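Summary of structural features
These are the residues of each chain, in order.
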Amino acid sequence: MPPEAKTFPTTDDLLKTLLDSPPPPPQVREIGRLAEVGDGVAVVTGLARAMSDEVLLFASGGRGIVFDLEPGRLGVVLLCPSENLTPGENVHRTGQVISVPVGPALLGRVVNALGDPLDGYGPIAADTLRSIETEAPGILQRSAVMRPLATGVKAIDAAVAIGLGQRELIVGDRQTGKTSIAVDTILNQKNSGVICIYCAIGQRGDAVAKVIGAIRDGGMMDRTVILFAGDEDAPGLAYIAPYGAMAMAEDLAARGEDVLIVFDDLTHHAQSYRELSLLLRRPPGREAFPGDIFYVHARLLERAGQFGAAVGGGSITALPVVETQAENLSAYIPTNLISITDGQIYLSPRLVRRNQFPAVDLGVSVSRVGGKAQARAFREVAGNLRVTLSQFEELEEFARFGTRLDPATRARLARGAAVRAALLQPERDPIAACEQLAVLLGAMEGFLDGLTEPKAMAAMRAIRERIRHDDHGLAALIAENRSLDDETRAAVVGAARVAVGAEGAADGTNA
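As a further point, take the overall build of the protein chain. Looking only at helices and strands, one finds 17 helices and 19 strands in the protein chain. When the backbone C-alpha atoms are referred to their principal axes, the protein chain occupies close to 115 × 70 × 45 Å. Of all 511 residues assigned to the protein chain, the portion counted as buried reaches 51%. Entry remark: accessible area of the protein chain is about 24000 Å², with carbon and sulfur atoms responsible for 53%. If the 51 positive side-chain charges of the protein chain are averaged to one point and the 63 negative ones to another, these points end up 4 Å apart.

Structural data, given as structure tokens:
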């Protein structure tokens, strides 16, 4: 039998089906017009229902954020080069705020302020987006800061301790080692389990490349996210960069992780915000900054902290960096950030000129929380370190007048110089807590008295090497937050004495 012939619907049948089917729902789209384009900003008309911080999409493919809401016009911060836009082109609402990809897939990657990859390793397999602007957790969702964050820097861990969940400001003039302190802190988390985020704001590309190289050489790249908004990018990207980095940190903290986030630096962030505000004709205030500059940084740093189990139990430790000019700590942005954060680490150019690195000025540096998180052994050994150095410096200033000094005063000067030398530390060499304690104990016992700086550095290396092979239970004592008992103290002091003596015998000197 021949196969049955296929029947096809006629034109009349198709028309009848279309006419009988329900009509599609109406789609309402607001379309605005790009009126003006400036350097990093734009003015849009025709979008009367747009919301603050909403993302707008330009016909040429660029994006912008609604910054100012005025009758008949919108001030927009551009997230794309101004050269790509043409006045008169259409602008569409998205109904969304700016979001970034979050999650463990970002670890080991270098991204821009929007979360797009910059390292050439292909797209990021992150299936979750998170708004860069979220409300900070309330008081009942937080816990006390009780756990230490070891930086690996003796001057900080001993005298200006930082706790997990703390906001500690790093402040100082240019070329005083602010970024170096932050990078060394990241490298010291190699064995701690802390995840790190380095947010570079307005930095040069070669400077950020050095930081990436140091983190990669230190073996921390696989647990670090680098977010980079360069000095040649649109100022809008520099403005949103720290909020995007904080959103990434919040997602990890909600998973129960401890996160360290470095903002390098908020001076450039404030300058980019001032630039955008002035271009959009916002009223300037002190130093030409807009009146809400304090709120801009407060709402960012308030999102850090130690969180309770109800919100994941993780923590976000923030290390914002701010630059001063001519040691002027009373400038507008530094004073704002000092009042927001839980303490500051001040790096003094005077100590840089004396070749004292890290140049941490313990007379100005303070931690308002870290003392509660500091290990008991550190408090017992270095509790009076700040007072000892302060008295030594006053005595040293007096001794410069050429006054004859009695033997006891000369001995105090030698001990103070030894303790100050014990705080010397090269960059990219974070030190374990047990090694730090051994070096400080050796200095306070007088094993470094009268040594020149090269010999003191060699003696400290010898102490670290001996403690690294046999710490006499010091590492476990610190980890369990127990007091330094007499037996352990005597064993560590004896090991330091042997190490310094062996080092002195090796170079032909009597240590």
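Strands sit in the order 1-2-5-4-3-6 around a closed barrel of six strands; the barrel is antiparallel. Neighbour-to-neighbour, the strand axes of the sheet open up by a mean angle of 45°, direction not taken into account. As paired strands, strand 1 (residues 31-37) and strand 6 (residues 90-97) are joined by three bridges and run antiparallel to one another. Residue Ile31 lies in a different strand from strand 6, and its bridge partner there is His92.

To continue, consider the pattern of salt bridges. Side chains that differ in charge, positive against negative, can pair when their charged atoms come close. Applying the stated criterion across every chain, the model contains 26 salt bridges. A salt bridge links Arg109 to Asp119, with the shortest nitrogen-to-oxygen separation between them at 2.7 Å. One end of the pair, Arg109, is in the loop between strand 7 (99-102) and strand 8 (110-111); the other, Asp119, is in the loop between strand 8 and strand 9 (128-131), with ten residues separating them in the sequence. One network of salt bridges, with partners in common, ties together Asp429, Glu435, Arg464, Glu465 and Arg468.

Scanning all chains against the criterion turns up five aromatic pairs. Note on Tyr239 and Tyr243: the rings are 5.8 Å apart at their centroids and 65° apart in plane angle, and the pair reads as edge-to-face. Of the two residues, Tyr239 and Tyr243 both sit in helix 5 (residues 235-254), four residues apart, roughly one turn of that helix. The burial state of Tyr239 is the same as that of Tyr243; both residues are buried.

To continue, consider empty space enclosed by the protein. Enumeration according to the criterion identifies two cavities of 30 Å³ or more in this entry. Taken as a whole, the largest cavity encloses approximately 90 Å³ of empty space. Considering the residues around the largest cavity, the lining is formed by Asp53, Ile65, Phe67, Val97, Ile98, Ser131, Ile132, Glu133, Tyr239, Ile240, Tyr243 and Arg299. Among the elements of the structure, strand 4 (63-70) and helix 5 are those that each provide at least two residues to the lining of the largest cavity. It is helix 5 that provides the largest number of residues to the lining of the largest cavity, a total of three residues. Broken down by class, the residue content of the lining of the largest cavity amounts to eight nonpolar, one polar and three charged.

The next thing to look at is the nonpolar core. Grouped burial of nonpolar side chains is what soluble globular proteins tend to show. Formed by 72 residues in total, the largest nonpolar core has its most connected members in Ile186, Ile215, Ile226, Leu385 and Ile463. Sort the elements by how many residues they give to this core and helix 14 (residues 433-444) lands first, with seven residues. Leaving out residues up to four positions away in the same chain, Ile186 has contacts with Cys196, Tyr198, Ile215, Met220, Thr224, Leu260 and Val262. One finds Cys199, Ala234, Ile338 and Tyr346 within the second-largest nonpolar core, a separate group that totals 63 residues.

A separate point is unusual backbone geometry. Cis geometry marks the peptide bond from Asp264 to Asp265; its omega dihedral reads -5°. Cis geometry is adopted by the peptide bond preceding Pro358, which originates at Phe357 and carries an omega value of -5°. Its place among the elements puts Pro358 in the loop between helix 9 (349-353) and strand 19 (366-367). We note that His472 has phi near 55°; this positive angle belongs to a residue other than glycine.

Here strand 3 (residues 54-58) pairs with strand 4 via three bridges, running antiparallel. Within the sheet, the bridge partner assigned to Leu57 lies in strand 4 and is Arg63. The hairpin turn running from strand 3 into strand 4, its antiparallel successor, is four residues long, and Gly61 in that turn takes a positive phi close to 105°. The pairing of strand 4 with strand 5 (residues 73-78) spans six bridges and is classified as antiparallel. Counted as the bridge partner of Glu70 is Arg73 from strand 5.

A few words on the pairing of strand 2 (residues 41-45). Burial of strand 2 is extensive: four of the five residues sit out of reach of the surface. What sits between strand 1 and strand 2 in their antiparallel hairpin is a turn of three residues, with Gly40 showing a positive phi close to 95°. Here strand 2 runs beside strand 5; their pairing, made up of four bridges, is antiparallel. For Val41, the partnering residue across the bridge sits in strand 5 and is Val77.

Relative to the helices and strands, Asp68 is located in strand 4. Asp68 sits in the buried class, given a relative accessible area of 9%. Engagement of the side chain of Asp68 in a polar contact is seen with the side chain of Arg282, the distance being 2.8 Å.

The rules we used
- Residues numbered from 1 in each chain as written.
- Predicted model: local features only at pLDDT ≥ 70, side-chain atom pairs only at ≥ 80, totals over all residues.
- Heavy atoms only, no water.
- Helix = DSSP H or I, 4+ residues; strand = E, 2+ residues; numbered from the N terminus.
- Buried < 20%, exposed > 50% of the residue type's maximum accessible area, 1.4 Å probe, protein only.
- Areas by Shrake-Rupley, 256 points an atom, 1.4 Å probe, with all protein chains shown as cover.
- Lys, Arg positive; Asp, Glu negative; His and termini not counted.
- Charge placed at Lys NZ, Arg CZ, Asp CG, Glu CD.
- Pairing = 2+ DSSP bridges.
- Axes fitted to C-alpha atoms, helices over the stretch in contact; angles between N-to-C directions.
- Salt bridge = Lys/Arg side-chain N within 4 Å of Asp/Glu carboxyl O.
- Phe/Tyr/Trp six-rings, centres within 6.5 Å; stacked < 30°, edge-to-face > 60°.
- 1 Å grid on protein atoms, 1.4 Å probe; cavity = no way out; pocket = protein on both sides within 12 Å on 5 of 7 lines; lining within 4 Å.
- Points joined across faces, edges and corners; volume = space filled by probe spheres on them.
- Nonpolar A, V, L, I, M, F, W, Y, C, P; charged D, E, K, R; others polar.
- Core = buried A, V, L, I, M, F, W, Y, C linked by side-chain atoms within 4.5 Å.
- Contact = heavy atoms within 4.5 Å.
- Polar contact = N/O pair within 3.5 Å; in protein donor to acceptor, adjacent residues only side chain to side chain.

Just geometry here; none of it tells us what the structure is for.
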